[in-house]
Amino acid sequence: MEFATFILAAQRGYHQSCDSVIGNSIEQTIASEQAGFNTAWFAEHHFNNYSLVPSPLMMVAHCAGLTSTIRLGTGVCVLPLYQPQRLLSEIGFADIVSNGRLELGVGSGYQQFEFERFGVDVDQAPAVFAEYLDILLKGLNQKVFEHNGQYEKIPLTAISLRTIQRPAPPIWIACGSARSMCRAYREGHNLFVTAFHNGLENLRTLRETIEAAAASRGKDVTAAKVGLLRCCYASDDQAEFDSYLDNARFQRRLSEALHQRRQQSRDGYLLQETPTKQDLSFETMRQNLPIGSVSRVIDRLLEEISILKPDQIAIQTQLGDFDQKTMLRQIELWGDKIIPAINKSLG
């Protein structure tokens, strides 16, 4: 089983400076390598405090010089917000400076507020994503390529910065629908999924959807890697639990608000969280998620692994204003106890 950290680089309030948020994210990446995690993923968002990382490839390039073994992933590049021609060169650059450690996660995006400010129609995002991924695949696999599509027309073009990994870095698709899963299986990409803060029943449904997508393309379900994004936390300290859960719920509230957000916040980019009908109590979240004592987290993760059968679990570390020193100790704890125990149980 592979383990990863998923680093959102969120800012919960002005008591956190932007430079401290980014600095904490970089520090967590270094700590993740030291703890033995396989991958560190970096999110991409714009114009709000849900995430302060505008370019996950920039984070990959920076952290490449501070690490040596951990793989560095984009979680994810929101393709409709890019020029795919330029993105191809940036992918090549990031893979070169990381010495072939790039994991390329891509997605269609969902935050309307972001899309409006880039002049992109969010309703067309799935179609734009599909075409832009076609362009990336051409550019990564062909020395010279051209494209004549609905959204882009590219004459014969050669990308000078080629990736070290051939023919391309591993590609992960953020799969929020059966359609995206089907494409992943059709073209041999990996799947990145989340059950949000839901419990085992949601994981069972997710597994069934993945199996159906593989079968629809005549593929064995193991033909693609499956990565699960999950909120996990191990401790015997009630205050730590509550702080982690509070920050996890904060992130979910902002995500839901940004899904259809149109208005500018009063003071610029910083959003105020608002309780929603979808809010879960801390007790329900603890029941649904691998959160509790070390033994409880291990047992719960093994149960979730038996249901979803993922190849990688990415735990969310950089949430809201959770205490940095406490999170660094948490990452170390996973490396010392949780990851070895799970891999031993899995044989």
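The following paragraphs examine the structure supplied in this document.

Conventions adopted
Residues numbered from 1 in each chain as written. Predicted model: local features only at pLDDT ≥ 70, side-chain atom pairs only at ≥ 80, totals over all residues. Heavy atoms only, no water. Salt bridge = Lys/Arg side-chain N within 4 Å of Asp/Glu carboxyl O. Helix = DSSP H or I, 4+ residues; strand = E, 2+ residues; numbered from the N terminus. Buried < 20%, exposed > 50% of the residue type's maximum accessible area, 1.4 Å probe, protein only. Axes fitted to C-alpha atoms, helices over the stretch in contact; angles between N-to-C directions. Parallel < 35°, antiparallel > 145°, perpendicular 65-115°, else oblique. Left-handed = near helix turned anticlockwise from the far one by under 90°. Contact = heavy atoms within 4.5 Å. Nonpolar A, V, L, I, M, F, W, Y, C, P; charged D, E, K, R; others polar. Core = buried A, V, L, I, M, F, W, Y, C linked by side-chain atoms within 4.5 Å. Arc of directions from axis to C-beta. Pairing = 2+ DSSP bridges.

Examining the pattern of salt bridges
Under the definition given, this model contains 17 salt bridges. As a salt-bridge pair, Glu90 and Arg86 come within 2.9 Å of each other at their nearest N and O atoms. Linking Glu90 with Arg86, this pair stays in helix H3 (residues 84–97), spanning 4 residues, or about one helical turn. With relative accessibility at 27%, the residue Glu90 sits in the partly exposed group. With relative accessibility at 56%, the residue Arg86 sits in the exposed group. The partner of Arg117 in a salt bridge is Glu116, with the nearest N and O atoms 3.5 Å apart. In this structure, a network of salt bridges that share partners links the residues Arg12, Asp246, Arg253, Glu273, Asp279 and Asp321.

What to know about the packing of H3 against helix H5 (residues 125–141)
At their nearest, the axes of H3 and H5 sit 10 Å apart, and the two run at 45 degrees to each other. The angle between H3 and H5 falls in the class oblique. Viewed along their axes, H3 and H5 form a crossing whose handedness is right-handed. Where H3 approaches H5, its residues Pro84, Leu87, Leu88 and Ile91 are matched on the opposing element by Tyr132, Ile135, Leu136, Gly139 and Leu140. For the contact of H3 with H5, the class distribution of residues is 8 nonpolar, 1 polar and no charged.

Describing the nonpolar core
Among the nonpolar cores identified, the biggest contains 90 residues, and Phe37, Leu79, Val106, Leu191, Val193, Ile210 and Trp334 are the most heavily contacted of them. Each residue touching Val106, except ones within four places of it in the same chain, is listed here: Val76, Cys77, Leu79, Phe129, Leu133, Leu136, Ile171, Trp172, Ile173 and Ala174.

Quick look at the environment of Ala168
Within the secondary structure, Ala168 is located in the loop between strand E6 (153–157) and strand E7 (171–174). Given the relative accessible area of 19%, Ala168 is considered buried.

Comments concerning unusual backbone geometry
In terms of backbone geometry, most residues other than glycine have negative phi values and most peptide bonds are trans. Of the consecutive residues Gly75 and Val76, the connecting peptide bond is found in the cis state with omega at 10 degrees. Among the structural elements, Val76 can be located in strand E3 (residues 71–78). Of note in this structure, Asn99 is not a glycine but carries a positive phi near 55 degrees. Examined against the element boundaries, Asn99 turns out to sit in the loop between H3 and strand E4 (102–107). A positive phi angle, near 50 degrees, is found at Phe196, a position not held by glycine. Note on placement: Phe196 falls in the loop between strand E8 (190–194) and helix H7 (200–216).

So, helix H2 (residues 56–64)
Buried within H2 are the following residues: Pro56, Leu57, Met59, Val60, Cys63 and Ala64. When H2 is viewed along its axis, its buried side chains cluster within an angular range of 155 degrees and face the same direction.

Describing the side chain of Glu103
Following the sequence through the fold, Glu103 ends up in strand E4. What Glu103 contacts, discounting residues up to four positions off in sequence, is Thr39, Trp41, Arg71, Leu72, Gly73, Thr74, Pro170 and Trp172.

Side note on the sheet that holds strand E9 (residues 226–230)
Around the barrel, which closes on itself, the 8 strands sit in the order E1-E2-E3-E4-E7-E8-E9-E12 with parallel pairing between neighbours. Between one strand and the next, the sheet's axes are offset by a mean angle of 25 degrees, whatever the strand orientation. Both strand E1 (residues 2–7) and strand E12 (residues 312–316) contribute to a ladder of 5 bridges, which runs parallel. Bridge pairing in E12 places Phe3 opposite Ile313.

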